[in-house]
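Structural overview
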Amino acid sequence: MTELSSLPRTDAAEKKPLKGSRRDDALRKASVAIGCVTLFVVFSVLNTTFYQPSNLIDIMLQSSINAVIAVGMTLVIMTKGIDLSVGSVVGLSSMVAADMLSHGLLVGVGAGLLVGLLCGLLNGLLIARLKLPDFIVTLGTLSIYRGAALIYTDGQPIYGLSKEFRAIFAGRLFDIPTPVLLALAVAALAFLLVRYTALGEQIIAIGGNEEAARLSGVNVERVKVTVYTISGVLSSLAGFVLIARIGAAEPIGGSGFELQAIGSAVIGGASLFGGVGNPLGSLIGALTLGALQNGLTLMNVPSFWQYVASGTVVILAVFADQWTRRRG
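What counts and how
Residues numbered from 1 in each chain as written. Predicted model: local features only at pLDDT ≥ 70, side-chain atom pairs only at ≥ 80, totals over all residues. Heavy atoms only, no water. Core = buried A, V, L, I, M, F, W, Y, C linked by side-chain atoms within 4.5 Å. Buried < 20%, exposed > 50% of the residue type's maximum accessible area, 1.4 Å probe, protein only. Contact = heavy atoms within 4.5 Å. Phe/Tyr/Trp six-rings, centres within 6.5 Å; stacked < 30°, edge-to-face > 60°. Helix = DSSP H or I, 4+ residues; strand = E, 2+ residues; numbered from the N terminus. Polar contact = N/O pair within 3.5 Å; in protein donor to acceptor, adjacent residues only side chain to side chain. Patch = residues over 30% accessible without salt bridge, like charges linked within 9 Å, V, L, I, M, F, W, Y side chains within 5 Å. Areas by Shrake-Rupley, 256 points an atom, 1.4 Å probe, with all protein chains shown as cover. Salt bridge = Lys/Arg side-chain N within 4 Å of Asp/Glu carboxyl O. Axes fitted to C-alpha atoms, helices over the stretch in contact; angles between N-to-C directions. Parallel < 35°, antiparallel > 145°, perpendicular 65-115°, else oblique. Left-handed = near helix turned anticlockwise from the far one by under 90°. Nonpolar A, V, L, I, M, F, W, Y, C, P; charged D, E, K, R; others polar.

1. Some points on the nonpolar core
- Ile65, Ile69, Met73, Leu92, Phe165, Phe169 and Phe240 are the most contacted members of the largest nonpolar core, which has 52 residues in total.
- With sequence-adjacent residues up to four places away left out, Ile69 is seen in contact with Val86, Val90, Ser235, Ala238, Phe257 and Ala261.
- Leu75, Ile203, Ile206 and Tyr228 belong to the second largest nonpolar core, which has 15 residues in total.

Below, the structure is given as structure tokens:
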């Protein structure tokens, strides 16, 4: 009798933290959008050039490369991992693609994507199969892939990219820059993957509690290898956009992109503790950083102060994430 009468109270007790968790999650998502909108409003008031359609398109265009990488980074972070090699993958895959474009568009694009896939696959195997720390592995491959890019052409850039390649990855479709459309498509597909597929559920489960996910039958190693591979492929796509825009491939291309991608993912609501993330939020995070840099440039703020501002925003995003977790 006593045990039966206590069941309703137990159920009610379990619902409270669930409701609180949902409320905190909704607050986190809302704060991302509110922060981005607030930033746009502030810069629009301070400088009327900021809200001009041409400048807004420029912001989206400048943010597109970071957004594509940040989506892959978000999937990795959701498994409680990190990928510091994405910038080097951008450089290596874009160099290979630019070199192989002389054999045809499909050969160049295919070779670049294959390099990104293999780089991500190697990261995933070292982390998932050999149980090496993700931070150390990707810190090491950051140097390896960058060195490979420099060795590939003896440190020399590659010029003369085909018009077809540049038209696809740096052109316009319906008067919208194709990099912007690519970023939107990547974020939308990743959102559908996380929200409506078994792989998405497994990514969230591993980030929430890896051992519990393993005991529930989730192939943790396979999922981790998959997300790192996706991160590598998306880094290759970002590399294509980079070289198509500037018209040349450089072995040092993509340097520092890993920090921007991590910042965009965190600002977009991804938790470094794992289990929480939204590819669409990462898109907003990349747009937020892009708007911040653009607005500060219009206000003639020196570039080194822009680094300070970007870093401050990322720290605030991490603080907000920890605060909501503590409340939960």
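Following the structure, the description resumes.
2. Remarks on the packing of aromatic side chains
- Following the criterion strictly, the structure yields five aromatic pairs and no others.
- Look at Phe43 and Phe50: their rings are 5.5 Å apart centre to centre, the planes differ by 35°, and that puts the pair in the tilted class.
- Taking the centre distance of 5.0 Å and the plane angle of 45° together, the rings of Phe165 and Phe169 count as tilted. Residue Phe165 and its partner Phe169 are both found in helix 6 (residues 163-170); the two are separated by four residues, about one turn of the helix. Take Phe165 and Phe169: they sit in the same class, and that class is buried.
- Chaining the aromatic ring pairs together yields one cluster made of Phe40, Phe43 and Phe50.

3. Some details on the environment of Asn219
- Take Asn219: it is sitting in the loop between helix 9 (210-215) and helix 10 (220-246).
- Taking the relative accessible area as the measure of exposure, Asn219 reaches 35% and is therefore partly exposed.
- A distance of 3.1 Å separates a polar atom in the side chain of Asn219 from the backbone nitrogen of Arg222.

4. A word on the side chain of Thr178
- On the secondary structure map, Thr178 appears in helix 7 (residues 178-196).
- For Thr178, a relative accessible area of 14% puts it in the buried group.
- Once you skip the residues sitting within four places of it in the chain, Thr178 turns out to touch Ala167, Ile168, Phe169, Ala170, Gly171, Arg172 and Leu173.

5. Re a nonpolar patch on the surface
- A cluster of nonpolar residues, Phe304, Trp305, Tyr307 and Val308, forms a patch on the protein surface that exposes about 520 Å² of accessible area.
- Among the structural elements, Trp305 can be located in helix 13 (residues 303-327).

6. Concerning the packing of helix 6 against helix 10
- Axis separation between helix 6 and helix 10 bottoms out at 8 Å; the angle between their running directions is 115°. Between helix 6 and helix 10, the angle falls in the class roughly perpendicular. The two elements helix 6 and helix 10 meet at a crossing, and its hand is left-handed. Residue-level contacts link Phe165, Arg166, Phe169 and Ala170 of helix 6 to Leu237, Phe240, Val241, Ile243, Ala244, Arg245 and Ile246 of helix 10.
- Looking at the contact of helix 6 with helix 10, its residues break down into nine nonpolar, no polar and two charged.

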